[in-house]
Amino acid sequence: MKDKYRVVVVGMGKRGMHHAQAFQANPRFEVAGVCEIDPGRLETAAAKLGVAIKGTNAREVAHAARPDVFCFCTLPTIRKEMIQVGVDCGAQLIAMEKPVALTSAEGFEIRRMVESSGVKVVVSHQHRYGEHYKKVHEVIAGGALGHIHTVYGTATGWMMHMLSHLIDYTRWFNGEADAQWVMAQAAGRGKLTDIHPSPDYIAGFVHFANGVHGVYECGAGAPDVPEVDYWWRKCRIGAQGSDGYAEVLTGGGWRAVTKDGAGSGGGCMNYDLDMPPYIQDMADWLDGKKLHPCNFESAYKGFEIMMAFCRSVAQGGQIALPLTSPEDEIQMLRDAVADRKVILSLPSSAKEYPA
Ligand SMILES: NC(=O)c1ccc[n+]([C@@H]2O[C@H](COP(=O)([O-])OP(=O)(O)OC[C@H]3O[C@@H](n4cnc5c(N)ncnc54)[C@H](O)[C@@H]3O)[C@@H](O)[C@H]2O)c1
């Protein structure tokens, strides 16, 4: 256990700055180095954070700064390379953004690297620190819904951005039960060439080992969440049981109906509120006090569900979990998704899914 853990942050875009500032604000961490391929962005970030070790090459920065925590918030195309840098520089913990990987082939490799090195890995599904998310979890875990039979999640944003979040929080609501099989369908090819490659719309079912079913819709055909104005936060995530239901709206609070009556409350996804406890839990895990809730093993199970959805789209029918062989699911989708324009569920999605 150290008084202060040294941190390197790679990728000083939106999420990199969120992470760097939250580490810098926590007395248990100091940002020792930053890396960014855009020189202007690098200089601005290094000056703002007051960090001397900086550069455009992650491996060089990591070896100069010798971090305890290697954090990367780059776009999703270089996950495996960044994990390798984190392992090679001897960090005790790697903090990464979702999604875990873009294909199961890459995911298998990353899992092998993580398991063989023994490095701790945390994946940023930090919405769960929101007061409204925590309240829904509390209602479910406290038994007020009776016997849980269904969990569900919808988001208007596309798969590689949002499905990882929906699956992670519903797995949390469902006691992190393992999934046994999935079945899914997809429509629209527009986002297959995006940096977060995805079908425009994907919908599917998950059967969990505890008998609970998961129902998910992500993208252009997902339902509106009219209670929420901000498009990216039109996400509805919840659980139904024998005695009622509880759900969180990412941009609009929570509500529950239980056998004791109805309740609701506020809360909105907010990086400024969600990042500090997410970062503090890294210190607690490094100190050996507790496992981080967003640990890799848990996130990987959610990632596998997402990859199995893609396989079901391409191959049809049910896909058993865990996955046993690597595939390139993005290529499978490119080969399989019909060349027909996706049909939108709400007009405000037209700017993200143009004709
Ligand atoms: N957890 C969340 O709530 C959440 C929210 C938004 C985005 N994300 C995820 O965070 C990741 C980053 O998203 P963002 O919105 O911050 O993107 P961004 O484009 O704002 O930032 C990415 C940065 O990485 C830099 N970069 C790319 N390759 C690099 C390399 N090899 N070395 C150093 N720097 C490199 C880019 O120049 C850019 O500045 C994505 O995976 C995204 O899915 C998560």
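Shown above is the structure to which this text applies.
Computed from a predicted structure; not experimentally measured.

Draft legend 1. Here's a closer look at the site of the ligand. The immediate surroundings of the ligand are formed by 24 residues, with Arg-15, Glu-36, Arg-41, Arg-79 and His-196 found nearest. Here an oxygen atom of the ligand sits 3.0 Å away from a polar atom, N or O, in the main chain of Lys-14. At a separation of 2.9 Å, an oxygen atom of the ligand approaches a polar side-chain atom of Lys-98. Protein coverage of the free-state accessible area of the ligand, which is 850 Å², stands at 83%. If you list the elements that add at least two residues to the shell around the ligand, you get helix H1 (14-25) and helix H4 (79-88).

Draft legend 2. Local environment of the side chain of Ser-164. On the secondary structure map, Ser-164 appears in helix H7 (residues 159-173). We classify Ser-164 as buried; its relative accessible area is 11%. One polar contact links Ser-164 to His-125, side chain to side chain, over a distance of 2.6 Å. Look past the residues within four positions of Ser-164 in its chain and what remains in contact with it is Lys-98, Pro-99, His-125, Met-159 and Met-306.

Draft legend 3. The sheet that holds strand S13 (residues 254-258), seen in detail. Strands sit in the order S14-S13-S12-S11-S7-S10-S9-S8-S15 across an open sheet of 9 strands; the sheet is mixed. Strands with a single pairing partner mark the edges of an open sheet, and in this sheet they are strand S14 (261-265) and strand S15 (319-320). For strand S7 (residues 148-155) and strand S11 (residues 235-241), the ladder comprises 7 bridges, and the chain directions are antiparallel. Looking across to S11, one finds that Thr-154 is bridged to Arg-236. On top of the sheet, helix H6 (residues 131-141) reaches S7, S11, strand S12 (244-249) and S13; it is set at about 165° to S12, its chief contact. Across the face of the sheet, helix H9 (residues 296-315) comes into contact with strand S8 (179-187), strand S9 (201-208), strand S10 (213-219) and S15 while running at roughly 55° to S8.

Draft legend 4. Layout of the packing of helix H3 (residues 58-65) against H4. At a closest axis distance of 10 Å, the pairing of H3 and H4 adopts a crossing angle of 20°. Between H3 and H4, the crossing angle belongs to the class labelled roughly parallel. Every pair of crossing elements has a handedness; the one defined by H3 and H4 is right-handed. When H3 is examined against H4, the residues Ala-58, Arg-59, Ala-62 and His-63 are found in contact with a partner set consisting of Met-82, Gln-84, Val-85 and Asp-88. Looking at the contact of H3 with H4 residue by residue, the class counts come to 4 nonpolar, 2 polar and 2 charged.

Draft legend 5. Local environment of the packing of aromatic side chains. A full pass over the atoms with the stated rule returns 13 aromatic pairs. Measuring from centroid to centroid gives 5.0 Å for Phe-23 and Phe-29, while their planes differ by 70°, and the two rings are edge-to-face. Accessibility expressed as a relative area gives 0% for Phe-23, which makes it buried. Ring geometry for Tyr-300 versus Phe-303: centroids 5.7 Å apart, planes at 50°, classification tilted.

Draft legend 6. Structural context of the nonpolar core. With 80 residues, the main nonpolar core has Phe-70, Leu-163, Phe-208, Tyr-216, Ile-305 and Phe-309 as its most contacted residues. Per-element accounting of this core gives the leading share, 11 residues, to H9. Of all hydrophobic cores here, the second largest spans 31 residues; its members include Phe-29, Cys-71, Leu-93 and Val-122.

Draft legend 7. Spotlight on the pairing of S9. Burial of S9 is extensive: 6 of the 8 residues sit out of reach of the surface. Bridging between S8 and S9 involves 8 bridges; their strand directions are antiparallel. Residue Ala-186 lies in a different strand from S9, and its bridge partner there is Ile-202. Across 7 bridges, S9 lies against S10 in antiparallel orientation. Bridge pairing in S10 places Gly-204 opposite Tyr-216. Between S9 and S10, which pair antiparallel and follow one another directly, the connecting turn spans 4 residues, one of which, Gly-211, has a positive phi of 90°.

How each quantity is defined
Residues numbered from 1 in each chain as written. Predicted model: local features only at pLDDT ≥ 70, side-chain atom pairs only at ≥ 80, totals over all residues. Heavy atoms only, no water. Near = heavy atom within 4 Å. Polar contact = N/O pair within 3.5 Å; in protein donor to acceptor, adjacent residues only side chain to side chain. Areas by Shrake-Rupley, 256 points an atom, 1.4 Å probe, with all protein chains shown as cover. Helix = DSSP H or I, 4+ residues; strand = E, 2+ residues; numbered from the N terminus. Buried < 20%, exposed > 50% of the residue type's maximum accessible area, 1.4 Å probe, protein only. Contact = heavy atoms within 4.5 Å. Pairing = 2+ DSSP bridges. Axes fitted to C-alpha atoms, helices over the stretch in contact; angles between N-to-C directions. Parallel < 35°, antiparallel > 145°, perpendicular 65-115°, else oblique. Left-handed = near helix turned anticlockwise from the far one by under 90°. Nonpolar A, V, L, I, M, F, W, Y, C, P; charged D, E, K, R; others polar. Phe/Tyr/Trp six-rings, centres within 6.5 Å; stacked < 30°, edge-to-face > 60°. Core = buried A, V, L, I, M, F, W, Y, C linked by side-chain atoms within 4.5 Å.

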